[in-house]
Amino acid sequence: MKRNQPIKVLIVDDSPIIRSILTRVLSDQPDINLVGGAKDPFEARDLIAQHRPDVIILDIEMPRMDGMTFLRKLRAHYPVPVLMCSGVAPANSRLALEAIEIGAVDVVAKPNAGGTAAMVHLGEELADKVRAAAMASAPKPLIAAKPAVPEISFRAAGIDPQRYLIAVGASTGGTEAIKALLSRMPADSPPIAIVQHMPVGFTASFAERLNDFCPLKVSEAVEGDELIAGRAFIARGDAQLVVRVTGTRRTLAYAGNTPVNRHCPSVDVLFHSVAEKCARQTVGIILTGMGADGARGLLAMRQAGSITFGQDAASCVVYGMPKAAADIGAVEHAASPTEMPRLVVQALRRIGSPARGAAIRT
């Protein structure tokens, strides 16, 4: 949905250098209006009352009041979409992911020193995240505070999980959608390869948080990882993840760091590799996110014989990527992430049967 007015953005960060860089890289965006910069939440409070921003870019570590505390106050009194601005050190990246769990829309990596090209890339990436945040629905309570006990089992349903692969792609809102999906996948799930648009330095922490919460073993993907049942792999935040097949052995590999659809990793890159190598034994899932990354790759998977799912509009933070996929006929079944594990079992049981083309029960 297009906006009639520019997106009003407030930056809250105690570093004048960071505020200056973020202001500079966003200043050329005609649909974004920077209404101010605050050095701490107390100064931000007055600017919020004055300008009523549409999106806030919020630092995690600040004197007087940290960003996490301020985020909780915002969620209670002024639930504006928030992008957390965080350094990539493990402690900070874990806090940024915790912030998403309590209501932030996405995370932005703090800029490092760089030349003109790096600043242009930062501006494009940050502007895209601001636009996505401005479009975001209120975060959905997709999962309980404690892990759910999966009520399904692939082997009990007569499915050999090692025969199959699940490929997942997501962007804005995807960290919680992926968590909702994986928390309900049983320990005997087929291997799962995941691309989540996320800055380098955050994907390892994301995998660690999922591993603590989910029945599967979850890790950041490493070159040469074998795709085996009971494992889920998160693409590294600075490289393109693909599937390789040698005989009956399927492994993960990284194929450079050239952006595709302005993303690295790109969902389309993963999905196209699956469509080429092992589509008929794969389930493709596209989750919440802005833009169209993954739509054409999911269509290629479906045309090559994969079962495909798209997150439904009601459960998306941003119904962009799933909509783009649905619009071109790539989505076979639409559902929420919490429903998908059960539906995946149903769909895999239908492979090779006359009912394959029938609708699965939601």
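Here's a quick rundown of the structure. Predicted model only: the values in this text are computed from it and were never measured.

So, the pairing of strand E1 (residues 7-12)
Here is step 1: Of all 6 residues in E1, 5 are buried, a share of seventy percent or more.
Here is step 2: Relative to strand E2 (residues 32-38), E1 runs parallel, the two being bridged by 6 bridges. Bridge assignment links valine 9 to a residue of E2, and that residue is leucine 34.
Here is step 3: Traced from E1 through helix H1 (residues 16-26) to E2, the parallel crossover comes out right-handed.
Here is step 4: Summarising the sheet, E1 and strand E3 (residues 55-59) pair through 4 bridges and their orientation is parallel. If you follow isoleucine 11 over to E3, its bridge partner there is isoleucine 57.

Points about the sheet that holds E3
Here is step 1: Spatially, E2-E1-E3-E4-E5 is the arrangement adopted by the 5 strands of the open sheet, whose pairing is parallel. In the strand order of this sheet, the two ends are held by E2 and strand E5 (106-109), each with one partner. Geometrically, the sheet is characterised by an average inter-axis angle of 25 degrees between neighbouring strands, direction not taken into account.
Here is step 2: Relative to E5, strand E4 (residues 82-86) is paired through 4 bridges, and the arrangement is parallel. The residue of E5 that forms the bridge with leucine 83 is aspartate 106.
Here is step 3: Contacts from H1 reach E1, E2, E3 and E4, with the element oriented near 170 degrees to E2.

Here we look at the pattern of salt bridges
Here is step 1: As enumerated under the stated definition, the model contains 15 salt bridges in all.
Here is step 2: Ionic pairing is found between arginine 131 and aspartate 128, a salt bridge with its closest N-O pair at 3.1 Å. Of the two residues, arginine 131 and aspartate 128 are both situated in helix H5 (residues 116-135); the distance of 3 residues between them amounts to about one turn of the helix.
Here is step 3: Judged by relative accessible area, which is 27%, aspartate 128 ranks as partly exposed.
Here is step 4: When the shortest N-O distance is used, the salt bridge between glutamate 276 and lysine 277 registers 3.9 Å.
Here is step 5: Judged by relative accessible area, which is 62%, glutamate 276 ranks as exposed.

Points about unusual backbone geometry
Both trends apply: most residues other than glycine have a negative phi, and most peptide bonds are in trans.
Here is step 1: Cis peptide bonds are those with omega within 30 degrees of zero, and the linkage from cysteine 264 to proline 265 qualifies with 10 degrees.
Here is step 2: Tracing the backbone shows proline 265 in the loop between strand E11 (249-254) and helix H8 (267-277).
Here is step 3: For asparagine 261, which is not glycine, the phi dihedral falls at a positive 55 degrees.
Here is step 4: With respect to the helices and strands, asparagine 261 occurs in the loop between E11 and H8.
Here is step 5: Phi angles above zero are rare outside glycine, and arginine 262 is one such case at about 65 degrees.
Here is step 6: The class for arginine 262 is partly exposed, based on a relative accessible area of 49%.

What counts, and at which threshold
Residues numbered from 1 in each chain as written. Predicted model: local features only at pLDDT ≥ 70, side-chain atom pairs only at ≥ 80, totals over all residues. Heavy atoms only, no water. Buried < 20%, exposed > 50% of the residue type's maximum accessible area, 1.4 Å probe, protein only. Helix = DSSP H or I, 4+ residues; strand = E, 2+ residues; numbered from the N terminus. Pairing = 2+ DSSP bridges. Right-handed = clockwise from strand over helix to strand, strands pointing away. Axes fitted to C-alpha atoms, helices over the stretch in contact; angles between N-to-C directions. Contact = heavy atoms within 4.5 Å. Salt bridge = Lys/Arg side-chain N within 4 Å of Asp/Glu carboxyl O.

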